[in-house]
Every structure is written in C-alpha cells, then in structure tokens.
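Each chain is listed here by its residues.
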Amino acid sequence: MLNVGIIGVGSYVPEKRVTNFDMEKILDTSDEWIRTRTGIKERRFASSEQATSDLATIAAERAIKDAGISPEDIGLIIVGTNSPDTLYPATACRVQARIGAKNAAAFDLQAGCTGWIYATTVGAQFIRTGMYKYVLTIGAEVITRMMDKTDRYTYVLFGDGAGAAVLGNIEDGGFLSYELYADGSLAQHLVLPAGGSRMPLSQEVLDKRLQYTTMDGREVFKFSVREISRLSKNVINKAGLTANDIDWFIPHQANLRIIDAGMKRLGIPKEKVVVTIDKYGNSSAATVPVALDEIYRAGKIKKGDKILMVSFGAGMTSGAFIVEWSK
Ligand code: ACO
C-alpha cells in the first residue's frame, strides 16, 4: 500500500496588523502584560469584507498550486474552523465553489483549535482506504469576530488566518503516526455560549454579550501544557522514534509559555521549535498549517525531515501527528 503524505501547502494571513500598542488604545492592557504572559506582539485582523471562506480560498489555491494538481482532481475538502461564514452551509462548500473543485465532497469539522489536525488526520484515512486520491484540508478562522472587543482577557489573544494542505499518495515517508483525543467534560472552559440551538440570539443574549467567547484561561492552560507533551510523546512512541529524531516541532500557537513548557517536557531544543505567535497571535485552527507553510516557504524543511505537529483547544480536544516530509 502506498503511503499518505502532504504534497502541497499554502497559507494566507490578512494584511491588517494590530500591535499590542493598538490594543492599549482600546483596552485596559499593556504591551508588557501581553508580551510577558503570552509572547504575542501583534496579530492580523481580517478586513470587514473578509469572512473565513475568503481566507480559506486563498490558502487553498496556494496549496493546490504547490501540489501541482488541478482543483478538479480533489475528492474531498475538509475545513477545520470555529468561525464559519454562517452556521450552515459549511464553509468547505463555499470554498469548493470558489476554487472550482467540482468533483469534491465538502464538509466542516469543528474541533476547537485542533480543527486542522483533526481534519488532516480524517482526510488521510480517506486516501489510505482508496476512497479519494487527493484531499484538501484547511484550518481557517476569522476568530476575532467571536471575541468581545471590551474583554481584555480574551480579545488580546487572537488573530485571523488560514493554512491549507493537499494530501495524496506518496512513495516514501508521509504520515508516520497520529493521535486524536477529546474530553467533553471540560467543555465549559472554552465556550461561545450563544448563537446555537442551546441559546439562540436574543436581545437578552446581546445585552449580556453571550455571543462572544468565554474562557477559563487557567484551566485551558493546564489542559494544554499536559496535552502538548502527552500527545507528542504518544505519537513519537507510535512512530518508533525518540524526541531526538524530530527535526521540526510545530505546536499550536496559543501561548508561548505553553510552547516552552511542552518543549522542555519533551526535551526538544529551541531551534527545532516553530514559533509564530509573536506575529500572528492565536489564529485557532489556522496556527499549525500557517506555521508549516512559513518554514516550508523559507526553504527550511528538507526531504526526509520528521515534523511533529500538535494542537489543543475547545472541546476540550487535542491531536498530534508526525509526518516525514516527502517533497
Ligand atoms: N491586560 C492586563 N491585565 C490583564 C489582562 C490583559 N489583557 N487580562 C487579564 N489581566 C489581569 C487579570 O485581570 C488578573 O488581574 P488580578 O490579578 O488583578 O485579578 C491578572 O491579569 C492575572 O490574570 P491570570 O488569569 O492569572 O493570568 P494568567 O497568567 O493565567 O494569564 C492567560 C492569562 C494569558 C489567558 C493564560 O491563562 C493563558 O494563556 N491561558 C491559556 C488560554 C489560551 O491559550 N487560550 C487561547 C484560546 S484556547 C486555545 O487556543 C486552546
């Protein structure tokens, strides 16, 4: 049986930069607080005309071009997102139409910030079984629209962006191991309470600002530090490797302190860790594929490199995989 690997990558971040100093002008916060607690210096905000499918479409077109295939070759599109254009139809269907992938099935997958890791793991199984030849997986967010501009605790953390990968069969390398996890009993720690069937939008909801994300930062922090190292160790073991064999470590970019803690627990040196949080903040399901695309475009990844990607988020969920680069 042929292996499954990543044969194309692409990403897009909006042009608008919002620095911590810009945040100081609208909230009771400081560059010093944000930098030292999170590692964020600035983030990107989508323009008022842009929704998640707009960002996803650009990232997808770049990934398809990189893969050297045509949109009609794609059998399935999965968009991992927490900020779909509309609750339905799926953002993936909008992307399918925009890129002209007329032979593709399309659906969204919601797994918090772990969305792209989940989407890519799911997509890879469809190729492994022979159902599809090429699968496009996208992590895309205009997550800043889900945040309360008056809440300094959450608003400073997030940014918008999109990253995409084309998956296909390859001769050597590709995915070596995967792991997905969820603990729904922790759901209350990171929630967008209103706008779904539990609490439809109403004047009362708007007055209480329940249409925005609520978060227990300390609980999310604890879960994330535990999961980043636990899942990474599991996929390293499953692949029959040691931490020394990992060439690149791409963790979800939620907080630099979480990344540092994970890196130390795993014994992975700093120069192998990809950090973009200073520039982009937390763009939720987009952080990992955007970071992957950045080091790829910078020419840093060599054929045969083993890349460990890991994420965690609302649900609570976590997921990780190791891919041996085959391009
Ligand atoms: N500016 C200034 N002060 C602030 C801000 C702000 N933006 N936000 C909170 N504070 C204050 C608090 O009010 C508190 O003040 P007090 O001591 O007078 O009550 C003080 O700073 C410390 O608050 P803590 O909650 O203890 O801060 P902590 O060190 O835990 O950092 C943070 C908060 C950054 C949210 C951290 O808990 C964290 O990163 N948690 C992980 C959550 C996360 O990454 N979420 C991202 C989305 S989820 C995901 O991607 C999985």
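This is a predicted model, so every value here is computed, not measured.

### Topic: the overall build of the protein
Okay, step 1: Per the secondary structure count, the protein includes 11 helices and 13 strands.
Okay, step 2: Over its C-alpha atoms the protein spans a radius of gyration of 19 Å, differing by no more than 12% from the 20 Å that the globule rule assigns to 327 residues.
Okay, step 3: Overall, the C-alpha framework of the protein stretches about 55 × 45 × 35 Å when taken along its three principal axes.
Okay, step 4: The buried share of the protein, reckoned over its 327 residues, is 56%.
Okay, step 5: The long-range fraction of contacts in the protein, counting pairs at least 24 apart against all pairs at least 6 apart in sequence, stands at 77%.
Okay, step 6: Averaging the locations of the 39 positively and 37 negatively charged side chains of the protein gives two centres separated by 2 Å.

### As for the domain arrangement of the protein
Okay, step 1: Parsing the protein into structural domains produces domain 1 (4–172) and domain 2 (176–324).
Okay, step 2: One C-alpha centre belongs to domain 1, the other to domain 2; they are set 14 Å apart.
Okay, step 3: At the junction of the two partners, domain 1 supplies 51 residues and domain 2 supplies 47 residues.
Okay, step 4: Inspection of the domain 1/domain 2 interface yields 24 residue pairs in polar contact (both at pLDDT 80 or more).
Okay, step 5: Listed by contribution, the elements that provide at least two residues to the side of domain 1 that touches domain 2 are strand 1 (3–12), helix 2 (31–38), strand 3 (42–45), helix 3 (52–67), helix 5 (115–128), strand 6 (135–141), helix 6 (152–155) and strand 7 (161–170).
Okay, step 6: Here the side of domain 1 that touches domain 2 takes nine residues from helix 5, the largest share from any one element.
Okay, step 7: In terms of residue class, the side of domain 1 that touches domain 2 is built from 20 nonpolar, 19 polar and 12 charged.

### Regarding the site of the ligand
Okay, step 1: Close to the ligand lie 23 residues; Thr29, Arg37, Arg218, Asn255 and Asn282 are nearest.
Okay, step 2: Between the ligand and Arg37, the relevant distance is 2.6 Å, taken from an oxygen atom to a side-chain nitrogen or oxygen of the residue.
Okay, step 3: Take Tyr153: an N or O atom from its side chain is 3.1 Å from an oxygen atom of the ligand.
Okay, step 4: Here the ligand has 1,000 Å² of accessible area as a free molecule, and 78% of this is covered by the chains.
Okay, step 5: At the level of elements, helix 2, helix 6, helix 8 (217–238) and strand 12 (306–313) are the ones that each hand at least two residues to the shell around the ligand.

### Things to note about the nonpolar core
Soluble globular proteins: nonpolar side chains tend toward being buried together.
Okay, step 1: Counting residues in hydrophobic clusters, the biggest one holds 40 residues, and the most contacted among them are Met23, Ile246, Phe249, Leu308, Val310 and Ile322.
Okay, step 2: Mapped onto this core, the elements with two or more residues apiece are helix 8, helix 9 (256–266), strand 12 and strand 13 (317–324).
Okay, step 3: Shared between two domains, this core takes at least three residues from each, and those domains are domain 1 (4–172) and domain 2 (176–324).
Okay, step 4: Ala119, Ala124, Ile127 and Val274 belong to the second-largest nonpolar core, a separate cluster that totals 33 residues.

### Some words on the sheet that holds strand 4 (residues 76–80)
Okay, step 1: Here we have five strands laid out as an open sheet, ordered 1-7-6-4-5, and mixed in their pairing. Strands with a single pairing partner mark the edges of an open sheet, and in this sheet they are strand 1 and strand 5 (105–109). Here the strands of the sheet are splayed against their neighbours by 20° on average, with no regard to which way each runs.
Okay, step 2: Taken strand by strand, helix 3 contacts strand 1, strand 6 and strand 7, and its axis lies near 130° from that of strand 1.

### Things to note about helix 9
Okay, step 1: Along helix 9, the positions that sit buried rather than exposed are Ile258, Ile259, Gly262, Met263 and Leu266. Seen from one end, helix 9 has its buried residues packed into an arc of 130°, which puts them on one side.
Okay, step 2: Of the surrounding secondary structure, the elements contacted by the buried residues of helix 9 are helix 8, strand 11 (248–251) and strand 12.
Okay, step 3: Its side-chain oxygen placed 2.7 Å from the backbone nitrogen of Arg257, Asn255 serves as the N-cap of helix 9.
Okay, step 4: With its phi angle positive at about 75°, Gly267 sits one or two positions after the end of helix 9.

### Examining the sheet that holds strand 12
Okay, step 1: Spatially, the four strands line up as an open sheet ordered 8-13-12-11, and their pairing is mixed. Only two strands of the sheet have a single partner each, and these edge strands are strand 8 (174–182) and strand 11. The mean angle between the axes of side-by-side strands here comes to 10°, regardless of whether they run parallel or antiparallel.
Okay, step 2: Strand direction decides the pairing type here: strand 11 and strand 12, joined by four bridges, are parallel. Each residue of the ladder has a partner; that of Trp248, found in strand 12, is Ile307.

### Looking at the packing of helix 8 against helix 9
Okay, step 1: Contact pair helix 8 / helix 9: the axes reach a minimum separation of 9 Å and the direction vectors enclose 35°. Helix-helix and strand crossings are classified by hand; for helix 8 and helix 9 the assignment is right-handed. Facing helix 8, whose interface residues are Phe221, Ser224, Val225, Arg226, Ile228, Ser229, Ser232 and Lys233, helix 9 presents Arg257, Ile258, Ile259, Ala261, Gly262, Arg265 and Leu266.
Okay, step 2: Of the residues that constitute the contact of helix 8 with helix 9, the class distribution is seven nonpolar, four polar and four charged.

### Concerning the environment of Glu271
Okay, step 1: Within the secondary structure layout, Glu271 lies in the loop between helix 9 and helix 10 (277–280).
Okay, step 2: Given a relative accessible area of 61%, Glu271 falls into the exposed group.
Okay, step 3: Separated by 119 residues in sequence, Glu271 and Arg152 place their C-alpha atoms 32 Å apart.

Cut-offs used in this document
Residues numbered from 1 in each chain as written. Predicted model: local features only at pLDDT ≥ 70, side-chain atom pairs only at ≥ 80, totals over all residues. Heavy atoms only, no water. Helix = DSSP H or I, 4+ residues; strand = E, 2+ residues; numbered from the N terminus. Rg over C-alpha atoms; globule rule 2.2 N^0.38 Å. Buried < 20%, exposed > 50% of the residue type's maximum accessible area, 1.4 Å probe, protein only. Contact = heavy atoms within 4.5 Å. Lys, Arg positive; Asp, Glu negative; His and termini not counted. Charge placed at Lys NZ, Arg CZ, Asp CG, Glu CD. Domains from an automatic or database assignment. Polar contact = N/O pair within 3.5 Å; in protein donor to acceptor, adjacent residues only side chain to side chain. Nonpolar A, V, L, I, M, F, W, Y, C, P; charged D, E, K, R; others polar. Near = heavy atom within 4 Å. Areas by Shrake-Rupley, 256 points an atom, 1.4 Å probe, with all protein chains shown as cover. Core = buried A, V, L, I, M, F, W, Y, C linked by side-chain atoms within 4.5 Å. Pairing = 2+ DSSP bridges. Axes fitted to C-alpha atoms, helices over the stretch in contact; angles between N-to-C directions. Arc of directions from axis to C-beta. Left-handed = near helix turned anticlockwise from the far one by under 90°.

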